[in-house]
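# Structural overview
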Amino acid sequence: MDALLTVAEYEAAARDRLPAGIWDYIAGGSGQERTLAANLDAFARLALRPRCLVDVSRPDLSTELLGVRLRTPVGVAPVAYHRLVHPEGEVATARAAGFLVVSAFASRTLEEIAAAAAGPLWLQLYWFRRREVVAGLVRRAEAAGYRALVLTVDTPRVGRRLREARRGFAIPAGIVAANVDAAVMARTHEAVDGESALVRHSREQLDPSLGPADLAWLCAQTDLPVLVKGVLTAEDAELALAHGAAGVVVSNHGGRQLDGAVASVDALAEVAAAVAGRGPVLLDGGVRTGTDVLRALALGASAVLVGRPALWGLAVDGEPGARAVLDVIAAELEDAMVLSGRPRLSDVDPSLLARP
Ligand SMILES: Cc1cc2nc3c(=O)[nH]c(=O)nc-3n(C[C@H](O)[C@H](O)[C@H](O)COP(=O)(O)O)c2cc1C
Ligand SMILES: CCCCC(=O)C(=O)O
């Protein structure tokens, strides 16, 4: 195999290796997949204004997030069931990642992942109708040393995933959500033609009444910081902070929820302005290169998360593959910082971007 030099090359190699149904579950978006495409297009439209005559002999990619020093501002987004692409699943990803947000639907236990992790872990939560599932996950995350919780608020139900529906996609029997009561997850394994098992599951098990008072309740359950994921507007950022959130993740769920929603990087400036330094603002959706990371930081992100790229690396070569994908992005980021005359992340501001 030739060396893979870009995230796009890992994507192509992963596609070659994965069964078509699993590929489509991971790659797909909702509806016409307009938001899925927009996430990538929006980055491509943001041209950079490089500065020269700057001493760039010592680039520094490190940053601090919620009091923890990170080697790079790039973490792994919460993605369900890493064992769909590699038998070691999240344990391999955790070894490779500088910083990982573990999905509520992780296919390895929170404790196994914590024992393997190279960097800080956060736990993502869905708002299960059975609130004791949420409370139980919070207790276990605290006990296992997770440093923050991430409440996903863009999923009162799973979006219209047509690729999944066409294939009657269900989660294979051997791969389970290792941290959630099997009874809650049982129907994710039931394949029905013309229906996505995850859409059906979400309608049965996720509580669409989730509101600001519930966020406040969650924040009161724990001393861990709670970030709200799926924010695309100033209004929701304000609401989240007013009800106890420590920060937000600007995200449209990788184009998998509301099709037609704004590209996440296009929502970033508005959200960052509303948060106004009161907490971290992370971004995910369509980050594929080091220059994408730089663009997001220029628009006010404290750090970014990659979803699908981590799975592509994991599919290609397990832990070393996931690490290689993150290393490619870090190497590209360093290059871009040097070549744009921004040797430290604190030098990155909106002046890096050309006016559209
Ligand atoms: C296969 C897959 C599973 C996902 N599972 C979850 C999940 O369990 N919880 C969650 O909050 N987001 C989930 N997401 C959304 C990601 O956290 C993230 O928002 C998105 O993947 C970022 O876009 P990117 O894939 O373009 O980097 C999932 C995304 C994918 C592709
Ligand atoms: C019920 C949600 C399943 C995982 C997920 O968030 C996704 O597939 O995007």
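Look above for the structure.
The notes below deal with the structure included here. (Residues numbered from 1 in each chain as written. Chains lettered and ligands numbered in written order. Predicted model: local features only at pLDDT ≥ 70, side-chain atom pairs only at ≥ 80, totals over all residues. Heavy atoms only, no water.)

## A word on the packing of helix 13 (residues 290-298) against helix 14 (residues 308-339)
The condition that has to hold: Axis lines are fitted through C-alpha atoms, for helices just across the contact stretch, and the angle between N-to-C directions can take any value from 0 to 180 degrees. The secondary structure listing takes helices from DSSP runs of H or I that are at least 4 residues long and strands from runs of E that are at least 2 residues long, numbered from the N terminus. Convention used here: angles under 35 degrees read as roughly parallel, angles over 145 as roughly antiparallel, angles from 65 to 115 as roughly perpendicular, and any remaining angle as oblique. Crossing chirality is assigned from the near helix's rotation relative to the far helix, an anticlockwise turn below a right angle marking it left-handed and a clockwise turn marking it right-handed. Pairs of residues are marked as contacts when any of their non-hydrogen atoms sit within 4.5 Å. Think of it as three bins: nonpolar holds Ala, Val, Leu, Ile, Met, Phe, Trp, Tyr, Cys and Pro, charged holds Asp, Glu, Lys and Arg, and polar takes everything else, Gly as well.
Interhelical geometry of helix 13 versus helix 14 gives an angle of 60° and a closest axis separation of 7 Å. Our classification of the angle between helix 13 and helix 14 gives oblique. Considering how the two elements wind past one another, helix 13 and helix 14 form a crossing that is right-handed. Along its contact with helix 13, which presents Gly290, Thr291, Val293 and Leu294, the element helix 14 presents Ile329, Glu332, Leu333, Ala336 and Met337. Taken together, the residues of the contact of helix 13 with helix 14 sort by class into six nonpolar, two polar and one charged.

## Let's talk about the site of ligand 2
Definition in use: Any residue with a heavy atom lying within 4 Å of a molecule or strand is counted as near it. Pairs of N or O atoms are called polar contacts if they sit within 3.5 Å, as long as, within protein, a hydrogen donor faces a hydrogen acceptor (for residues adjacent in sequence, only side-chain-to-side-chain pairs). In this description, accessible areas are obtained by the Shrake-Rupley approach with a 1.4 Å probe, and a residue is regarded as covered only by the protein chains that are shown. Here a cavity denotes grid points, spaced 1 Å and computed from the protein atoms alone, that fit a 1.4 Å probe unable to get out, and a pocket denotes an open set having protein on both sides within 12 Å along at least 5 of 7 lines; residues with an atom within 4 Å of a point are the lining. Should more than half of a molecule's atoms lie within 2 Å of a pocket's or cavity's grid points, that molecule is taken to sit in it.
Close contacts around ligand 2 come from Tyr25, Ala80, Phe105, Tyr126, Val158, Arg161, His253 and Arg256, and that covers them all. Residue Tyr25 places a side-chain N or O atom 2.7 Å away from an oxygen atom belonging to ligand 2. Between ligand 2 and the protein, one listed contact pairs an oxygen atom with a side-chain N or O atom of Arg256 at 2.8 Å. For ligand 2, the protein covers 95% of the area, taking 280 Å² as the surface of the free molecule. Its atoms largely coinciding with the cavity grid, ligand 2 occupies the largest cavity. Across the shell around ligand 2, the residue classes break down as five nonpolar, one polar and two charged.

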